[in-house]
Each structure stands twice: as C-alpha cells, then as structure tokens.
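The chain contents come next:
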Amino acid sequence: MQAEPNNPQAGSLVGQRYEVEIGPVAHGGHCIARTSEGQVLFVRHALPGERVVARVTEGEEGARFLRADAVEVLEASKDRVEAPCPFAGPGRCGGCDWQHAKPGAQRRLKGEVIAEQLRHLAGLTPEEAGWDGTVMPAEGDKVPAGQVPQWRTRVQYAVDAEGHAGLRRHRSHEVERIDRCLIASEGVSELGIEKRDWTGMESVEAIAATGSQDRQVILTPRPGARLPLVELDRPVSVLRIGEKDGGVHRVHGRPFVRERADDRTYRVGNGGFWQVHPKAADTLVTAVMQGLLPRKGETALDLYCGAGLFAGALADRLGEKGAVLGIESGKRAVEDARHNLAGFSRVRIEQGKVESVLPRTGITEVDLVVLDPPRAGAGRRTVTHLASLGARRIAYVACDPAALARDLGYFREGGYRVRTLRAFDLFPMTSHVECVAILEPAGKGS
C-alpha cells in the first residue's frame, strides 16, 4: 500500500493505492476486490482475474466499501483491449464502463450481473427464469476489433466554464473535453456539437431521430445567460430549458422529432423518452410481441407507455375488437401518445402515476400487460395490483437488472412465474443492459 502525499482530508483514503486481485463483476460497471485488511473495493477499468494497482477515488477509513480506479495493470485478462476511445480511462469520461473489454466479454459480464441479481433478489437460477444466459448484440453492432458501434442517438453534453462541450467524468460534475464521442450515432456526430462555442450554456443535448432526418438540440442555459445563435453542420430544431419553470420551450423548428419503429411513425416531443439505440425499439417490440402472442379481441395494458410504442404494437395486433389502455405520467408524452395512436378507436391513454391511476380505472381483469418502468422498477404495490388482474401473460421490459429481479420476486409472491427472459446489449461499452421477461400464472403448464 502506498499513500499519495498531501491527502487533504483526515480519515479519507482517496489517493491510497492497493495492489489487488480483481474478483467478480458487480452491478454498476465495476469489479470487486479486497484490500489486505479485507475492505471491499469497487474497481473500475479492471476485469475479473486481473492483478492491478487500484487508486481509491472515494471512501474513508472504516467505510463499508471504497471506490477505486485500476491505474496500473500488472496481470492482464485475455479479454482486455486498449480502449478505442482516447477519452476513456481512470479519471476521465464517465460515459462508458467497458471500453477496455472485448465486445464478447462485455456481454458475458452483463450476463453475469443479470444472473447474480436474479439469484440474489429473486431467488431464481437462469434456468428457472427461462434464460439461456446469453446477452444478444443488436443488429449491426458487431464491428471490427478496435472499433465501437455508433449507437447513441441522444447525447447529453456538459459545457465547461469556457464554453467547451464535453462529457461528465464518472460520479463528478467535472467536464472532460472531447472532440468526438465514439459511441454517438452518425446523426449526432454530424451536428458538430464539440466544435462550437457554448459559452453561457450548462448543457447541450443532441438528438438524432431513427427513421427520419429530424435533428434537435436542447439547450440548458446558465442563470441569466443569453441563448447563442445555433449554427450547426446540419439542419436542426432548437429547444431550451426554462430557467424559472424547468419546462422545455421551442426556440425554432419543430418541438418534436419523428421516430420510426414497428412500421409506424411516432412523434416524440420536447426531448421525451425514446430508446437510445437505433435498433432498440424494434428489438424490444419484437421480443415483447413474440412473448405475449396477442390474440384478436383481447384487452391489454401498456404501463409507463411513453409515446405509445408498445400500445401501438398491441393495438395493431389485437384488431378492431381489442382494447388497450396506456398510462403515462408525463404530460407531453401523453399528448404524443394520443396523437400517435389517434387512428385506433379502442386505445385510451391516461395521464398520471401508474400506482395512482391504475386502481382508479376500475379494471378488474385483463388479458395482457406490458410494463416498461423507469430504472427504479414498478415496485411491490403496482406488481401486487397487476398480479390480481389475472393476465394470461405479462411482458416486463427492464433497463436495470436489480429492479427487474426485485419485481420478479414480487410477481412470484402474487402467483406468477417467469416463462422466458431475454437480454439485449442495447448500450455497448456501458454497463447497462435491457431485458424482456415474459410472465404467466404459476399454475399454467409450460
């Protein structure tokens, strides 16, 4: 162990260096190691089985765990590669977690995290969850060694005090200046955000729609700052975040972008939620519909429905006698969903929190359910209510394996079992992964 000089905080271990053996991957983009004193280290920029020098980035004496970066690799894993991005690495851009790992190794690590969360939080083995243990890459994401997929269609750039655009460092407000983001989609990169002066701005979000040429930037000014004249390398609409109300306001151009999925066009306004990977929406719709196998005339719920992606897919397949109720909390997203699904007479979209609106609907039974909750998951209350409705199948779309596993445990308490689970690597180079679980009543035969 070696301490760096001038440690500014008494009791702080920031700057301490430990030579450690790296253990298994953990949820959150790091691996687990232990100091010689037995203290747990969450180490970024390392891989299981490696021997590294880890420098503490957060933590103090007696803390339950410390956070650290692998600043020197003494024994490298066969899965290690040189990071393709020049801005990746200890103390630098926090946007990616696994630039230093081969693509296949990244997917294996994500699979190990899913398996651990299922075991720990839901008491399920992969076999019991109907999962073969694989994490599938999205179509087109297999690229030559040394390259990375250009998949991120929405990038939130932070702006430093001198007006340079960059990305936040890991768990920090500090800005890492960049001249390009390797995982940004071509539609985002061609805007040239990094080359412009953004003095007075706190952040610049760039959006490049999938299936249309729509491009949008959303500016968040610093208090009292004036908006710059936005001249980018491609036609773009401009929105701003209001200083007083925090709302999104149109400056010029359309206040929405047009996204394309499942052979339909969806309007998404004011920077509202849409899947970030260009193949994600179609990939997830296919997985959900293959799992649910909708039948003509059935009734369905689409919870946390956003702009109506799954509600539209369900309505298409349930036919004129079928019915879909979508629930979404965001006012603008509800407006978009109603616009996007106006052609379906038996689709209704309600605004409000799922846990509040669903009980008020008076619905006592339903055939199918899709839920795509935020990262925190649906929670026991909502899951318990859903389990009481007797749906023959439920599709749970999850961007966080821990929240998914917790909710699967609640569903099991409510009499549902997991029929199948599929995992998709829709966030390459990061620790994030998307899962689709299909549930059915536990008493139903396979």
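Look up: the structure comes first, before these words.
From a predicted model like this one, the values you see are computed outputs, not experimental measurements. (Residues numbered from 1 in each chain as written. Predicted model: local features only at pLDDT ≥ 70, side-chain atom pairs only at ≥ 80, totals over all residues. Heavy atoms only, no water.)

A.B. asks: How do you make sense of the overall build of the chain when you look at a structure like this?
C.D. replies: The helix and strand tally for the chain stands at 8 helices and 23 strands. Radius of gyration (C-alpha) of the chain: 23 Å, near the 22 Å computed for a compact globule of 446 residues. If one aligns the C-alpha atoms of the chain with their principal axes, the spans along those axes are about 70 × 55 × 45 Å. In the chain, the share of contacts with a sequence separation of at least 24, taken over all contacts with a separation of at least 6, comes to 62%. Approximately 20,400 Å² of the chain is accessible, and the part contributed by carbon and sulfur atoms is 47%. Measuring between centres, the 60 positive side-chain charges of the chain sit 4 Å from its 59 negative side-chain charges. (Helix = DSSP H or I, 4+ residues; strand = E, 2+ residues; numbered from the N terminus. Rg over C-alpha atoms; globule rule 2.2 N^0.38 Å. Contact = heavy atoms within 4.5 Å. Areas by Shrake-Rupley, 256 points an atom, 1.4 Å probe, with all protein chains shown as cover. Lys, Arg positive; Asp, Glu negative; His and termini not counted. Charge placed at Lys NZ, Arg CZ, Asp CG, Glu CD.)

A.B. asks: Help me understand the nonpolar core, please; the structure alone is not making it clear to me.
C.D. replies: Note on soluble globular proteins: their nonpolar side chains tend to be buried together. Counting 76 residues, the largest nonpolar core has Tyr157, Ile193, Trp198, Val217, Val288 and Leu314 as the members making the most contacts within it. In terms of residue count, the dominant contributor to this core is helix α3 (residues 280-292) (8 residues). Leave out the neighbours within four places in its chain, and Tyr157 touches Ala165, Gly166, Leu167, Ile178, Val188, Ile193, Glu194, Ser203, Val204 and Ala206. In terms of nonpolar packing, the next biggest core, distinct from the first, is built from 39 residues, Leu124, Leu325, Val357 and Leu386 among them. (Core = buried A, V, L, I, M, F, W, Y, C linked by side-chain atoms within 4.5 Å. Buried < 20%, exposed > 50% of the residue type's maximum accessible area, 1.4 Å probe, protein only.)

A.B. asks: Help me understand the pattern of salt bridges, please; the structure alone is not making it clear to me.
C.D. replies: One side chain can pair with another of opposite charge once the charged atoms of both are near each other. The final tally for this structure, using the stated rule, is 32 salt bridges. Between Arg215 and Glu190 there is a salt bridge, and its shortest N-O distance comes to 3.4 Å. Taken together, the residues Arg215 in strand β12 (residues 215-221) and Glu190 in the loop between α2 (186-189) and β11 (201-208) connect sequence positions 25 residues apart. Overall, the relative accessible area of 10% leaves Arg215 in the buried class. Measuring nitrogen to oxygen at the nearest pair gives 3.7 Å for the salt bridge that ties Arg234 to Glu190. In this pair, Arg234 sits in the loop between β12 and β13 (237-241) while Glu190 sits in the loop between α2 and β11, placing the two residues 44 residues apart along the sequence. Exposure remark for Arg234: the relative accessible area of 39% places this residue in the partly exposed category. (Salt bridge = Lys/Arg side-chain N within 4 Å of Asp/Glu carboxyl O.)

A.B. asks: Before we go on, may I ask you to explain the sheet that holds strand β21 (residues 393-398) in this structure?
C.D. replies: Strand pairing in a sheet is mediated by backbone hydrogen bonds. Such pairs are either parallel or antiparallel. If you walk across this open sheet you meet the 8 strands as β7-β22-β23-β21-β20-β17-β18-β19, and the pairing is mixed. With partners counted over all chains shown, the strands left at the sheet margins are β7 (135-137) and β19 (347-351), one partner each. Within the sheet, the average angular offset between the axes of one strand and its neighbour, ignoring direction, is 20 degrees. Bridge count between β7 and strand β22 (residues 416-425): 3 bridges; the pairing is parallel. (Pairing = 2+ DSSP bridges. Axes fitted to C-alpha atoms, helices over the stretch in contact; angles between N-to-C directions.)

A.B. asks: Mind showing me how you'd approach the pairing of strand β4 (residues 40-44) here?
C.D. replies: Put simply, side chains in a regular strand alternate between the two faces of the sheet. Taken across its 5 residues, β4 has 5 buried, putting it largely inside the fold. Every second residue of β4 is oriented toward a common face, with Val40, Phe42 and Arg44 on one face and Leu41 and Val43 on the other, all of them buried. Two elements, strand β3 (residues 30-34) and β4, share 4 bridges in a ladder whose sense is antiparallel. Among the inter-strand pairings, Cys31 is bridged to a residue of β4, identified as Val43.

A.B. asks: So what exactly am I meant to see when it comes to helix α4 (residues 309-318) here?
C.D. replies: Since one α-helical turn is 3.6 residues long, residues separated by three or four positions face the same way. Counting buried residues along α4, 8 of its 10 residues qualify, which places the element largely inside the surrounding structure. Along α4, the positions that sit buried rather than exposed are Leu309, Phe310, Ala311, Gly312, Ala313, Leu314, Ala315 and Leu318. Just downstream of α4, Gly319 is the residue with a positive phi angle, here 80 degrees.

A.B. asks: For this particular structure, what's the right way to read the packing of helix α1 (residues 103-122) against helix α8 (residues 401-413)?
C.D. replies: Each packed pair of helices is defined by two parameters, the angle between the axes and the distance between the axes. Between α1 and α8, whose axes approach to 8 Å, the crossing angle comes to 35 degrees. Handedness of the crossing formed by α1 with α8: right-handed. Note on element contacts: α8 touches α1 through Pro401, Ala402, Ala405, Arg406, Leu408, Gly409 and Arg412, opposite Val113, Ile114, Gln117, Leu118, Leu121 and Ala122. A per-class count over the contact of α1 with α8 returns 9 nonpolar, 2 polar and 2 charged. (Left-handed = near helix turned anticlockwise from the far one by under 90°. Nonpolar A, V, L, I, M, F, W, Y, C, P; charged D, E, K, R; others polar.)

A.B. asks: Explanation requested: the sheet that holds strand β1 (residues 17-21) in the structure shown.
C.D. replies: In space, the 6 strands of this open sheet follow the order β1-β5-β6-β4-β3-β2, with mixed pairing throughout. Where the open sheet ends on each side, the last strands, each with one partner, are β1 and β2 (25-26). Relative to strand β6 (residues 65-75), strand β5 (residues 51-58) runs antiparallel, the two sharing 7 bridges. Bridged to Val56 within β6 is Ala68.

A.B. asks: It is not clear to me how the side chain of Arg67 should be interpreted in this structure. Could you clarify?
C.D. replies: Here Arg67 shows up in strand β6. Leaving out residues up to four positions away in the same chain, Arg67 has contacts with His30, Phe42, Arg55, Val56, Thr57, Glu58 and Arg171.

A.B. asks: Where do I start with the packing of α3 against α4 in this structure?
C.D. replies: Axis separation between α3 and α4 bottoms out at 10 Å; the angle between their running directions is 45 degrees. The angle between α3 and α4 places the two elements in the oblique class. Both α3 and α4 take part in a crossing whose hand is right-handed. Listed contacts from α4 to Ala281, Leu284, Val285, Val288, Met289 and Leu292 of α3 are Leu309, Phe310, Ala313, Leu314 and Arg317. (Parallel < 35°, antiparallel > 145°, perpendicular 65-115°, else oblique.)

A.B. asks: Sorry if this is basic, but what is going on with the environment of Phe42 here?
C.D. replies: Looking at the secondary structure, you find Phe42 in strand β4. A sequence separation of 15 residues divides Phe42 from Thr57, and the C-alpha atoms of the two residues are 9.9 Å apart. When sequence neighbours within four positions are dropped, the list of residues in contact with Phe42 reads His30, Cys31, Ile32, Phe65, Leu66, Arg67 and Ala68.

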